[in-house]
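What follows is the residue order along each chain.
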Amino acid sequence: MDKIRRRFEDFMSGRYGTDDLSRFMLAVCLVLLVVNLFTSQPLIYLVALAILVLSYYRMFSRNYMKRGEENEKYLDFVQNIKDRFRRVGRRASQSKEYHIYKCPSCGQKIRIPRGKGKICITCPKCHNEFQKKS
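Residues numbered from 1 in each chain as written. Predicted model: local features only at pLDDT ≥ 70, side-chain atom pairs only at ≥ 80, totals over all residues. Heavy atoms only, no water.

### Here's the deal with the overall build of the chain
Moving on, step 1. In terms of regular secondary structure, the chain is built from four helices and four strands.
Moving on, step 2. In the chain, the order of α-helices and β-strands from amino to carboxyl end is α-α-α-α-β-β-β-β.
Moving on, step 3. Computed over C-alpha atoms, the radius of gyration of the chain comes to 26 Å, more than 25% over the 14 Å expected from 2.2 N^0.38 for 134 residues, which places it beyond the range of a compact globule.
Moving on, step 4. Within the chain, the fraction of its 134 residues that count as buried is 20%.
Moving on, step 5. Total accessible area computed for the chain in this model is approximately 10,400 Å², and 59% of it derives from carbon and sulfur atoms. (Helix = DSSP H or I, 4+ residues; strand = E, 2+ residues; numbered from the N terminus. Rg over C-alpha atoms; globule rule 2.2 N^0.38 Å. Buried < 20%, exposed > 50% of the residue type's maximum accessible area, 1.4 Å probe, protein only. Areas by Shrake-Rupley, 256 points an atom, 1.4 Å probe, with all protein chains shown as cover.)

Right, dumping it as structure tokens:
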């Protein structure tokens with residue numbers, strides 16, 4: 001068993017290996033293959049096979065820089081999606097206690113507490129004053 005492991009380690013030395021993008025690609029491939037079990041569509045199977053081949057190509061690649069850049073782009077994309085969901089969640093949780101208005105002149109978002117009646121709001125960015133109901 002040690003001999004096989006050493007041979008595999010020798011084969012993988014100098015190669016990129018797995019990263020977040022390749023794990024995501026393998027998960028998508030697995031999902032597509034499971035969907036294909038129920039639908040039996042050859043197109044789904046071919047897409048899953050292409051993703052699998054591309055994932056293994058990335059893992060066995062010796063071009064660290066290119067694979068690293070691809071992974072960084074993927075991680076940035078995922079982080080942007082997570083940030084959007086966090087913003088939506090934070091806005092939803094704050095909507096119980098605050099109104100969020102936009103300044104009519106500059107568009108700056110301003111958070112105003114609920115239940116204060118009609119108030120005069122001064123924009124912190126452009127100092128424009130306008131009235132809104134809280």
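We are not done yet, so read on.
### As for the state of the cysteines
Moving on, step 1. Within this structure, the stated rule accounts for zero disulfides.
Moving on, step 2. Free of any disulfide, C106 has its nearest cysteine sulfur in C123, 3.6 Å distant.
Moving on, step 3. We classify C106 as partly exposed; its relative accessible area is 31%.
Moving on, step 4. A disulfide-free cysteine, C120 has its sulfur positioned 11 Å from the sulfur of C103, the nearest such atom. (Disulfide = S-S within 2.5 Å.)

### Section: unusual backbone geometry
Moving on, step 1. Positive phi values are uncommon outside glycine, yet S40 reaches one of about 55°.
Moving on, step 2. Structurally, S40 is set in the loop between α2 (20–39) and α3 (42–60).
Moving on, step 3. Phi at H127 takes a positive value of approximately 65°, unusual for a residue other than glycine.
Moving on, step 4. Within the secondary structure, H127 sits in the loop between β3 (118–122) and β4 (129–133).
Moving on, step 5. According to the relative accessible area criterion, H127 is exposed, its value standing at 58%.

### Some details on a nonpolar patch on the surface
Moving on, step 1. Together, L33, Y45, L46, L49 and V53 make up an exposed nonpolar region whose accessible area comes to about 440 Å².
Moving on, step 2. For the nonpolar patch, the leading source of residues is α3, giving four residues.
Moving on, step 3. As for its placement among the helices and strands, L49 is situated in helix α3. (Patch = residues over 30% accessible without salt bridge, like charges linked within 9 Å, V, L, I, M, F, W, Y side chains within 5 Å. Salt bridge = Lys/Arg side-chain N within 4 Å of Asp/Glu carboxyl O.)

### A short note on the nonpolar core
Moving on, step 1. Counting residues in hydrophobic clusters, the biggest one holds seven residues: Y101, C103, I110, I112, I121, C123 and F130.
Moving on, step 2. Counting six residues, the second largest nonpolar core, distinct from the first, contains L21, A48, I51 and Y74. (Core = buried A, V, L, I, M, F, W, Y, C linked by side-chain atoms within 4.5 Å.)

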